[in-house]
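Okay, here's what each chain looks like letter by letter:
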Amino acid sequence: MSMIAALLLAGAAMPQAAPTDPTPRVTFDRHSLRIDGKPTLIWSSEFHPFRLPSPDLWRDILQKMKASGFNTVAIYIDWGFHSPKQGVYDFSGIRDIDRLLTMAQEEGLYVITRAGPYVNAELSRGGFPGWLVNQSGKARTDDPEYLAAVDEWLGRINPIIARHQLGRGGTVILHQIENELALTTPAQSRYMRHLYDKARGQGITVPMFHNDQGRNGYWVPKSSNVPLTVEGPQELYAFDGYPGGVCGVDNKPTRGAPAPDWGLYGPGGAKGGASASPRTPGFIAEFGGGWFDYWGSNGMYPCNAIQRGSGYQRVFYGTNIANGIAIQSIYMGYGGTSWGWLPAPVVYTSYDYGSAIDEARNLRPKALELKQIGQFLAAVPDLARLEKAPPVTIAGSDAVQVYHDRNPDTDARLLFVAPKPSNATGDARFTVTADLPDGRYSFTSELHGRDAKLLVAGVNLERQRLVYSTSELQTSIRHGAEDVALFYGRSGEPGETMLRYATAPKVTVIDGQVASDFDAARGDLRLTYTHRGLARVRIEGGGRAPLLLLIGDVAAGQSFFRQDGLLERGPALVRRATVRGGMLDLTGDTEAAAPLEIWGSATIRSVRWNGQAVPVTSTPSGSLVARRPLPGPGDLPLPDLMAGTWRYAPGSPEARADFDDSGWTVAGRARNVATIRPPTGQPNLGADAYGFHDGDVWYRGRFTGSAEARTVTMHYGAGGAGMLQLFLDGKLVGQHVLAGGLPRPITTGVAAFDLPAAAQAPGEHVLAAMVRVNGHNWDLDVDDAHKEPRGLISVSLDRPGGESFAVPIAWKIQGRAGGEDLRDVARGPSNNGGLYGERMGWTLPGFADADWQQVTLGEARPHAGTSWYRTDFDLSVAKGEDATIGLQIGDATTPRSPTRYRVLIFVNGWNMGQFVANVGPQRVFPIPEGVLHHRGRNTLALAVTSDGAAGNTIEPVRLVTLHHTRGGVPVTDLAAPVYRDLYPTH
Ligand code: IPT
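Residues numbered from 1 in each chain as written. Predicted model: local features only at pLDDT ≥ 70, side-chain atom pairs only at ≥ 80, totals over all residues. Heavy atoms only, no water.

1. A word on the site of the ligand
And then number 1: Close to the ligand lie 16 residues, the nearest being Tyr76, Asn120, Ala121, Glu122 and Tyr353.
And then number 2: Tyrosine 76 is positioned such that a nitrogen or oxygen atom in its side chain is 2.7 Å from an oxygen atom of the ligand.
And then number 3: Taking glutamate 122, its side chain carries an N or O atom lying 2.5 Å from an oxygen atom of the ligand.
And then number 4: Against a free-state accessible area of 380 Å², the protein chains account for coverage of 90% of the ligand.
And then number 5: Split by residue class, the shell around the ligand holds 9 nonpolar, 3 polar and 4 charged. (Near = heavy atom within 4 Å. Polar contact = N/O pair within 3.5 Å; in protein donor to acceptor, adjacent residues only side chain to side chain. Areas by Shrake-Rupley, 256 points an atom, 1.4 Å probe, with all protein chains shown as cover. Nonpolar A, V, L, I, M, F, W, Y, C, P; charged D, E, K, R; others polar.)

Printed below as a string of structure tokens:
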């Protein structure tokens with residue numbers, strides 16, 4: 001071996017760090033991250049603060065992630081969410097990233113920051129700010145105009161991240177510099193280098209990475225030296241993957257493909273390989289934990305939650321772990337809400353994603369399984385460093401496979417048992433024979449349906465020695481002189497756990513049916529049982545600390561939380577456990593009256609639950625149990641909105657010929673850098689060129705009546721399920737809707753209308769068009785797709801068969817009041833578009849609608865254009881109770897209505913989403929507390945847009961409870977302007 005090769009090899013075994021930090025706390029070797037030198041498996045899930053516009057509730061999500069077994073949260077940060085205008089940035093209120101990173105630290109989670117500049121994330125423009133689409137330079141290259149914009153952003157966000165790095169005031173351990181940059185020309189190389197240098201220069205010292213769109217080997221660290229890969233400047237290589245199939249159109253889960261081997265068991269090389277970057281840890285920066293849903297679907301989120309639910313999680317996440325993927329982040333942990341104009345054309349308002357925490361902040365059943373996996377990973381630190389171990393022998397079934405791994409330092413084993421192929425769902429009973437650290441053993445196990453098992457062998461567990469177990473280990477604690485270990489298995493399945501002792505220990509079965517025998521020659525205590533409920537066994541003597549062995553079925557296992565070194569069970573959620581001077585303070589949630597049982601520090605003398613004393617008594621298994629159940633939530637009565645008072649005002653005065661548009665912007669001359677342009681010589685009508693980047697935009701075009709003015713053809717861009725309404729002198733000519741119902745929606749269209757005879761009459765006429773802009777395209781493919789124009793692209797007024805653009809039109813444009821100069825800074829750039837009612841403040845609390853017409857919503861007549869309906873209602877959610885209340889329109893059991901209308905929903909001034917009756921599928925819109933005042937008055941304003949045809953009337957609107965517990969976190973109503981703050985002179 002050459003000297004250099006020898007040095008390189010030696011170097012590979014040494015922990016590496018980012019080059020600029022003299023005392024790095026986060027380093028890595030080829031197996032895993034090391035935190036303070038300790039190999040640490042990173043088990044993470046994704047959260048988007050911008051998709052939960054109520055910062056107090058960020059803590060709720062972080063606590064639920066922690067309680068579900070995660071040690072890390074990954075966050076995207078959306079550049080556009082913070083910047084309405086070049087040079088203008090906001091990091092306050094719902095945009096306070098400092099606060100989020102502080103909370104993560106307080107909640108004991110590590111953080112992976114993914115701060116753009118580009119994030120994708122089903123966001124309008126993939127997270128780029130609105131103003132960026134006016135740049136002529138190509139985005140995600142080293143174009144100077146683009147880089148200058150990027151530097152603006154990085155100059156603000158990087159220092160925030162830097163001051164929250166581990167050891168420097170926070171818990172940020174990894175930082176992502178770009179997302180899925182799948183174009184790898186020299187311009188991208190220079191761009192990547194720029195991003196990296198910038199971050200280092202601005203004090204980010206933790207290891208950095210890029211998220212490769214699949215396992216392509218794009219942007220691998222210099223050290224990797226693997227053919228067909230592209231080098232990048234960062235320390236780590238990470239990629240994303242969404243295997244496992246998608247739901248069918250019938251909303252039924254599909255079988256999907258087997259779990260890919262993206263590590264130790266892969267075929268080698270960049271694409272599938274053992275690694276594209278052999279000197280850095282296996283790192284999946286996004287692994288599908290659900291999937292997004294699109295306009296016109298049948299409402300796939302519940303199915304997505306099942307498709308990537310229980311069996312999927314065990315099979316797929318388990319396959320990753322067995323492949324030595326030591327950094328794994330699930331996308332999404334909590335999806336949330338793409339409120340306002342956040343959504344890209346590919347998605348509607350809900351970004352529930354089928355994730356473990358649903359949009360209304362309920363823990364789905366799959367979260368309970370994640371908790372078991374997460375607790376297991378934390379209990380066996382050996383799993384951070386895995387290598388292949390010799391194959392095992394499997395008898396009795398061809399339908400299973402066992403991945404056998406070992407930790408090179410401790411020789412601890414992982415036996416990952418999965419169906420073969422891993423998307424199979426049959427029944428198998430089999431016997432595994434393996435040479436394990438404590439000898440050669442054979443054991444029998446089963447697999448039923450879509451399932452897999454993460455078994456361990458040869459592991460030191462607290463003060464015990466686990467030879468092997470056919471039950472899955474969930475967790476263990478030291479409880480004073482005694483250890484407690486929790487195992488689980490499928491209900492009704494036999495199980496066997498083997499423990500090592502010097503001499504025969506004393507076995508006392510406290511609860512359940514567990515048999516034991518001792519093999520004195522080997523020192524093996526074998527416990528055999530059937531998983532059912534929760535068995536409790538105490539084992540004493542034999543040369544070890546006593547052990548309380550808890551053996552549950554899956555449901556029993558899932559009832560356990562492990563917070564702060566204690567075990568707790570009974571309530572729906574245990575958020576925190578704090579022991580101080582003999583007093584245990586627990587916080588958490590109950591969905592109904594619930595028991596409480598605790599194993600923990602032997603010094604606990606009294607217990608409080610959410611601040612209330614709980615009398616406890618001790619049990620033979622060493623636990624404390626509450627003498628009375630913890631209380632559940634009370635009733636949550638909601639007001640009947642249909643019985644309330646509603647006020648109505650027509651909302652499309654812009655359509656009228658005599659409307660005063662003197663304050664509007666003349667459209668035509670602005671520079672056009674859009675990807676679709678009007679024919680040469682025609683004006684630039686694209687809304688972005690005039691500073692209107694989000695939401696609805698109005699146009700008024702004056703022309704002189706002429707015999708030529710017979711048809712009008714409008715080329716326009718409006719995003720997913722976007723639309724256009726055209727009026728002539730105040731009367732609706734027609735509307736045109738872009739087809740929804742596609743994962744890749746149609747985002748531009750051509751609307752052609754015959755004009756009424758009025759257009760041929762002499763004198764001035766006005767064409768007025770409203771374009772509902774449902775998002776800008778993302779830039780996933782690095783082709784500037786975010787610059788596809790929105791609003792009108794070109795308009796031709798002609799006689800059929802005549803010359804195009806025969807009749808000239810003078811256009812004016814109006815979008816959001818103030819354009820890039822936000823009037824409502826607190827609600828921010830994605831809250832408002834340019835509807836008349838939005839420009840006039842009709843969305844806001846405190847607007848005086850008393851002189852509007854009083855109507856009964858159930859009897860409202862449809863009007864062509866936009867109609868506004870306002871009402872107030874009071875809520876009084878009991879103190880100490882958490883809830884998510886939603887607004888439902890129409891019949892929740894059908895995804896869409898035969899009627900054609902759409903609604904923008906403003907709650908206390910916040911644009912909480914869009915309902916499109918004939919496209920669907922979303923009918924229920926969760927409104928987070930903070931936006932919604934749970935104890936006080938609320939203002940609801942609905943902007944209903946239709947063609948006015950009979951029947952296109954708004955369906956019944958009601959409030960519904962989507963989540964309700966006793967517990968929760970304290971939430972303050974958001975500080976945001978009311979009407980008089982923004983319209984002081986009115
Ligand atoms: C990948 C993106 O990185 C992420 O931002 C998000 O868009 C996610 O997937 C899908 O929800 S994109 C990739 C799957 C093409």
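2. Notes on the nonpolar core
And then number 1: The biggest cluster of nonpolar side chains holds 184 residues, and the ones touching the most others in it are Phe47 and Leu942.
And then number 2: Considering every element that reaches this core, the biggest residue donor is helix H5 (residues 144–162), with 10 residues.
And then number 3: Judged by nonpolar contacts, the second largest core, of 32 residues, contains Tyr716, Leu755, Val771 and Leu797. (Core = buried A, V, L, I, M, F, W, Y, C linked by side-chain atoms within 4.5 Å. Buried < 20%, exposed > 50% of the residue type's maximum accessible area, 1.4 Å probe, protein only. Helix = DSSP H or I, 4+ residues; strand = E, 2+ residues; numbered from the N terminus.)

3. Structural notes on helix H9 (residues 310–322)
And then number 1: Counted at 1.5 Å a residue, the expected span for H9 with its 13 residues is 18 Å, and the 18 Å between its end C-alpha atoms agrees.
And then number 2: Along H9, 12 of the 13 residues are buried, which leaves the element largely enclosed by surrounding structure.
And then number 3: Of the residues making up H9, those classed as buried are Gly311, Tyr312, Gln313, Arg314, Val315, Phe316, Tyr317, Gly318, Thr319, Asn320, Ile321 and Ala322.
And then number 4: Positive phi shows up at glycine 324, right after H9, with a value of about 80°. (Expected span 1.5 Å × (residues − 1).)

4. Here's the deal with helix H2 (residues 55–67)
Each α-helix turn comprises 3.6 residues. Residues three or four places apart therefore point the same way.
And then number 1: End to end, H2 covers 19 Å across 13 residues, agreeing with the expected 18 Å (1.5 Å per residue, within 8%).
And then number 2: Regarding H2, the residues found buried are Pro55, Asp56, Leu57, Trp58, Asp60, Ile61, Leu62, Gln63, Lys64, Met65 and Ala67.
And then number 3: Positioned one or two residues after H2, glycine 69 has a phi angle of 100°, which is positive.

5. Comments concerning the packing of aromatic side chains
And then number 1: Evaluation of the coordinates by the stated rule reveals 51 aromatic pairs.
And then number 2: Each ring, one from phenylalanine 47 and one from tyrosine 334, has its centre 6.1 Å from the other, and the planes form 45°; the classification is tilted. With phenylalanine 47 in strand E4 (residues 42–47) and tyrosine 334 in strand E11 (residues 325–334), the pair connects residues that are 287 residues apart, well separated along the chain.
And then number 3: The interplanar angle of 25° and the centroid separation of 4.5 Å between the aromatic rings of tyrosine 312 and phenylalanine 316 together place this pair among those described as stacked. One end of the pair, tyrosine 312, and the other, phenylalanine 316, are both in helix H9, 4 residues apart, so they sit about a helical turn from each other.
And then number 4: Judged by its relative accessible area of 0%, tyrosine 312 falls in the buried class.
And then number 5: The class for phenylalanine 316 is buried, based on a relative accessible area of 0%.
And then number 6: An aromatic cluster is built from Phe659, Trp664, Tyr836, Trp842, Phe847, Trp852, Trp868, Phe906, Tyr979 and Tyr983, whose rings are joined through pairwise contacts. (Phe/Tyr/Trp six-rings, centres within 6.5 Å; stacked < 30°, edge-to-face > 60°.)

6. Notes on the pattern of salt bridges
And then number 1: Evaluated as defined, the whole model comprises 66 salt bridges.
And then number 2: The partner of arginine 827 in a salt bridge is aspartate 824, with the nearest N and O atoms 2.7 Å apart. For the pair shown, arginine 827 and aspartate 824 are each scored as buried.
And then number 3: Counted as one network, the salt bridges with shared partners bring together Asp60, Lys64, Arg361, Arg575, Asp589 and Asp882. (Salt bridge = Lys/Arg side-chain N within 4 Å of Asp/Glu carboxyl O.)

7. Examining the sheet that holds strand E50 (residues 901–907)
And then number 1: Spatially, 6 strands are ordered E47-E37-E48-E53-E50-E51 in an open sheet, and the strand pairing comes out antiparallel. Either end of the sheet is taken by a strand with one partner, and the two such strands are strand E47 (853–855) and strand E51 (910–916). Averaged over all pairs of adjacent strands, the angle between strand axes in this sheet comes to 25°, irrespective of strand direction.
And then number 2: Where strand E37 (residues 646–650) meets E47, 3 bridges bridge the pair, whose relative direction is antiparallel. Note that in E47 the partner of tryptophan 646 across the bridge is valine 855. (Pairing = 2+ DSSP bridges. Axes fitted to C-alpha atoms, helices over the stretch in contact; angles between N-to-C directions.)

8. Quick notes on the state of the cysteines
And then number 1: According to the stated counting rule, one finds 1 disulfide in the structure shown.
And then number 2: Disulfide partner of cysteine 247: cysteine 303, at an S-S distance of 2.2 Å. Between cysteine 247 and cysteine 303, the S-S dihedral sits near -105°, and the bridge is therefore left-handed. Here cysteine 247 is found in the loop between strand E9 (236–241) and helix H7 (269–272), whereas its partner cysteine 303 is found in helix H8 (residues 301–307), with 56 residues between them in sequence. (Disulfide = S-S within 2.5 Å.)

9. Focus on the sheet that holds strand E29 (residues 566–569)
And then number 1: What the 5 strands build is an open sheet, ordered E28-E29-E32-E36-E35; its pairing is antiparallel. Both outer strands of the open sheet, strand E28 (560–563) and strand E35 (616–618), are each paired with one neighbouring strand and no more. The average angle at which neighbouring strand axes cross in this sheet is 25°, direction not considered.
And then number 2: Summarising the sheet, E28 and E29 pair through 4 bridges and their orientation is antiparallel. Bridge pairing links glutamine 563 to leucine 566 in E29.

10. Comments concerning the pairing of strand E15 (residues 413–419)
Note on strand geometry: in a regular strand, side chains alternate between the two faces of the sheet.
And then number 1: The buried fraction of E15 is high, at 7 of 7 residues.
And then number 2: Alternating positions in E15 separate into two faces, Arg413, Leu415, Val417 and Pro419 on one and Leu414, Phe416 and Ala418 on the other, with burial throughout.
And then number 3: The pairing of strand E14 (residues 400–406) with E15 spans 7 bridges and is antiparallel. Residue pairing across strands places arginine 406 opposite arginine 413, the latter belonging to E15.
And then number 4: Joining the antiparallel neighbours E14 and E15 is a turn of 6 residues, in which aspartate 411 adopts a positive phi near 65°.

11. Describing the pairing of strand E7 (residues 172–179)
And then number 1: Judged by how many residues are buried, E7 sits mostly within the fold: 8 of 8 residues are covered.
And then number 2: You can see the chain leave strand E6 (residues 110–114), run along H5 and come back into E7, and the turn it takes is right-handed.
And then number 3: Two elements, E7 and strand E8 (residues 208–212), share 3 bridges in a ladder whose sense is parallel. Note that in E8 the partner of asparagine 179 across the bridge is asparagine 211.
And then number 4: You can see the chain leave E7, run along helix H6 (residues 186–201) and come back into E8, and the turn it takes is right-handed. (Right-handed = clockwise from strand over helix to strand, strands pointing away.)

12. Considerations on the packing of H2 against helix H4 (residues 97–106)
Helix-helix packing is characterised by the crossing angle of the two axes and by the distance between the axes.
And then number 1: At a minimum axis distance of 10 Å, the contact between H2 and H4 shows a crossing angle of 30°. In this structure, H2 meets H4 at a crossing whose hand is right-handed. Seen from H2, the contacting residues are Pro55, Asp56, Trp58, Arg59 and Leu62; seen from H4, they are Arg99, Leu100, Met103, Ala104 and Glu106.
And then number 2: Within the contact of H2 with H4, the residues separate by chemical class into 6 nonpolar, no polar and 4 charged. (Left-handed = near helix turned anticlockwise from the far one by under 90°. Contact = heavy atoms within 4.5 Å.)

13. Quick look at unusual backbone geometry
And then number 1: Omega for the peptide link from lysine 420 to proline 421 comes to -5°, which places this bond in the cis form.
And then number 2: Within the secondary structure layout, proline 421 lies in the loop between E15 and strand E16 (427–436).
And then number 3: A cis amide bond, omega 5°, links glycine 920 with the succeeding residue proline 921.
And then number 4: Phi angles above zero are rare outside glycine, and tyrosine 353 is one such case at about 70°.
And then number 5: Relative to the elements of secondary structure, tyrosine 353 occurs in the loop between E11 and helix H10 (365–379).
And then number 6: On the basis of relative accessible area, tyrosine 353 is assigned to the buried category, the value being 1%.

14. Here's the deal with the packing of H5 against H6
And then number 1: H6 packs onto H5 with a crossing angle of 25° between their chain directions and a minimal axis gap of 10 Å. The angle between the axes of H5 and H6 places the two elements in the roughly parallel class. For the crossing formed where H5 meets H6, the hand is right-handed. Facing H5, whose interface residues are Tyr146, Leu147, Val150, Asp151, Leu154 and Asn158, H6 presents Tyr191, His194, Leu195, Lys198 and Ala199.
And then number 2: For the contact of H5 with H6, the per-class residue count stands at 7 nonpolar, 2 polar and 2 charged. (Parallel < 35°, antiparallel > 145°, perpendicular 65-115°, else oblique.)

15. Here we look at the confidence of the model for the protein
And then number 1: With 97% of its residues at a pLDDT of 70 or more, the protein shows a mean pLDDT of 95.
And then number 2: Note that residues 1–13 has pLDDT below 50 and, in this model, 8 contacts with residues that lie over four places away or in other chains. (pLDDT = per-residue confidence, 0-100.)

16. Digging into the side chain of aspartate 56
And then number 1: Looking at the secondary structure, you find aspartate 56 in helix H2.
And then number 2: What makes aspartate 56 buried here is its relative accessible area of 14%.
And then number 3: When near neighbours in sequence (up to four residues on either side) are disregarded, aspartate 56 contacts Arg99, Met103, Val969, Pro970, Val971 and Thr972.

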